[in-house]
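# Structural characterization, general
Next come the chains, spelled out residue by residue.
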Amino acid sequence: MRCKQTGLIFFPAFDWAISPTHPEREERLLYTRDQIFEEGIIDLPQIAEFTPQLASIHDIARTHFCVPQVESQTTEAHLIAAGAAITLADQIVAGLIDNGFALVRPPGHHAMRVVHGNRGFCNINNEAVMVEYLRSRHGLKRVAIIDTDVHHGDGTQDIFWHDPDVLFISFHQDGRTLYPGTGFIYELGGPCAYARTINIPLPPGTTDDSLLYIVDNLILPVLEEFRPDFIVNSAGQDNHYTDPLGSMRITAQGYARLTEKLRPDLAVLEGGYAIETALPYVNMAIILALAGLDYSNVREPDFWPGRFKETSQRTEQLKRLVDGLLKHWKNRDTTLTGRGKTVNGYYEREKLIFYDTDYIEEHQTEKLRICSNCTGYLSIESEVSHGFGQAGKVLCLSVPFGACSKCRNEAADLYTGAKKSVVYNYIYLQDKSSDYLLGYDTKAGKEWRP
Ligand SMILES: [Zn+2]
Ligand SMILES: [Zn+2]
């Protein structure tokens, strides 16, 4: 039997930071890297380190509508962080490694489909860019993304909300107590993808036992029925009991057991801000679990067994939550979704999005074309006002993988028609089924192909 090979990429992004004292900083990775080297993990035959390639502008534009252009929302660090996930995914799909862990920053899971700036420390959704790359370039059909960060992965949820082939499951600290304030049990996906979004909001103070209960009784049974070709773990380490932003009680051992059960093909680092007390232990435990190595000795210096216990009342509450969500999953193909309304053949929803880092307010009207032959294309009208007075409106048209020709033509006609419009500053067409991307600047009368 050959050794299990786990691929790693470390990318601390020395030249990128929101501000010099911001908690999302390069030291998040440097302490982990020191620990991995000191313990000799990097020299083990089961571990292989890789150098990241850059994600292309086209890879980003396949997933996001960056306003005005991809180049204005990304730095080289963003292209490397997303590119690291792609590099490891390529290796995994080719069978050269069994699994991988991209330890990169800046993080990505708060970046939504339309990008006007930075929200929750994220501009570009590294996992989503990698997933759309795999589907476009390697023809993968079904992908599951399990988000284990303490914050709700609202960006990833937004990108795959209408996609029945991407299962998104996020557990996180209850949105009533933490940024971004979303991720409730009733957020279950669009009309074509009902219960392919599953949110598990948890009360502050949740322990390893509760987390593992959710994995055993909800996440694993759902994964088994969904049968994904590829499992991604948005690996946020801010559920740790020492994290300065979260209020949970998860340990390095808890994270390792979680990883061992989930068996992700690729883990991509998201949050985690306890630089010295959590990240080196949690990341090392996850790497050992991925490589099939003994992680039982990885322990925080101040931890003792039995330190964190749930009350029986909290455990009962959790069981009811899991049972309720399982019911939605079981009824996924027979439930008519009631949230949003259908007007003239489009399913509509209004969204208000706040960019906490960049002080931008966005209002979206998202319309999904109801089609009997495919999952329908999306038309998104997005209007923003920046904190410093700039404002504008854009139109984004997105045609999904496997779209029918009627939907593809209709979206292309809408794009061409909108070019004469005086309402929009920019117009975008993203046809994933043919990997054909276009952008148009109405004031300059200029078109480009990202
Ligand atoms: Zn987080
Ligand atoms: Zn169609």
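Here the structure is shown first, and the text comes after it.
Below is a short write-up of the structure. Because the structure is predicted, anything quoted here is derived from the model rather than measured. (Residues numbered from 1 in each chain as written. Chains lettered and ligands numbered in written order. Predicted model: local features only at pLDDT ≥ 70, side-chain atom pairs only at ≥ 80, totals over all residues. Heavy atoms only, no water.)

## Regarding the pairing of strand E9 (residues 230–235)
- Where burial is concerned, most of E9 is hidden: six out of the six residues are buried.
- By the alternation rule, side chains of E9 split into Phe230, Val232 and Ser234 and Ile231, Asn233 and Ala235, which are all buried.
- Here strand E6 (residues 143–147) runs beside E9; their pairing, made up of five bridges, is parallel. Within the sheet, the bridge partner assigned to Asp147 lies in E9 and is Ser234.
- Note that E9 and strand E10 (residues 266–269) share four bridges and pair parallel. Along E10, the bridge assignment pairs Asn233 with Ala267.
- Note on the crossover from E9 through helix H8 (residues 252–262) to E10: the handedness is right-handed. (Buried < 20%, exposed > 50% of the residue type's maximum accessible area, 1.4 Å probe, protein only. Helix = DSSP H or I, 4+ residues; strand = E, 2+ residues; numbered from the N terminus. Pairing = 2+ DSSP bridges. Right-handed = clockwise from strand over helix to strand, strands pointing away.)

## Section: the pattern of salt bridges
- A complete count under the given rule lists 27 salt bridges for this structure.
- A salt bridge links Arg119 to Asp154; the nearest nitrogen and oxygen atoms lie 3.0 Å apart. Of this pair, Arg119 sits in the loop between strand E5 (114–115) and helix H5 (126–137) while Asp154 sits in helix H6 (residues 154–160), and the two are 35 residues apart along the sequence. Taken as a pair, Arg119 and Asp154 share a single burial class, namely buried.
- Across the pair Asp163 and Arg135 runs a salt bridge, and its minimum N-O distance is 2.9 Å. With Asp163 in the loop between H6 and strand E7 (166–173) and Arg135 in helix H5, the pair connects residues that are 28 residues apart, well separated along the chain. Per residue, the accessibility class of Asp163 equals that of Arg135, and both read buried.
- A cluster of three or more residues bridged by salt bridges with shared partners is formed by Asp59, Arg62, Arg137 and Asp435. (Salt bridge = Lys/Arg side-chain N within 4 Å of Asp/Glu carboxyl O.)

## Digging into helix H11 (residues 405–418)
- Its 14 residues give H11 an end-to-end C-alpha distance of 20 Å, which sits within 8% of 20 Å, the value for a rise of 1.5 Å per residue.
- Buried within H11 we find Cys407, Ala411, Tyr415 and Ala418. Projection of H11 onto a plane perpendicular to its axis shows the buried side chains occupying an angular sector of 75°, all on one side. Exposed residues on H11 whose side chains face more than 90 degrees from its buried face are Ser405, Lys406 and Asp413. (Expected span 1.5 Å × (residues − 1). Arc of directions from axis to C-beta.)

Just distances and angles here, no functional claims.
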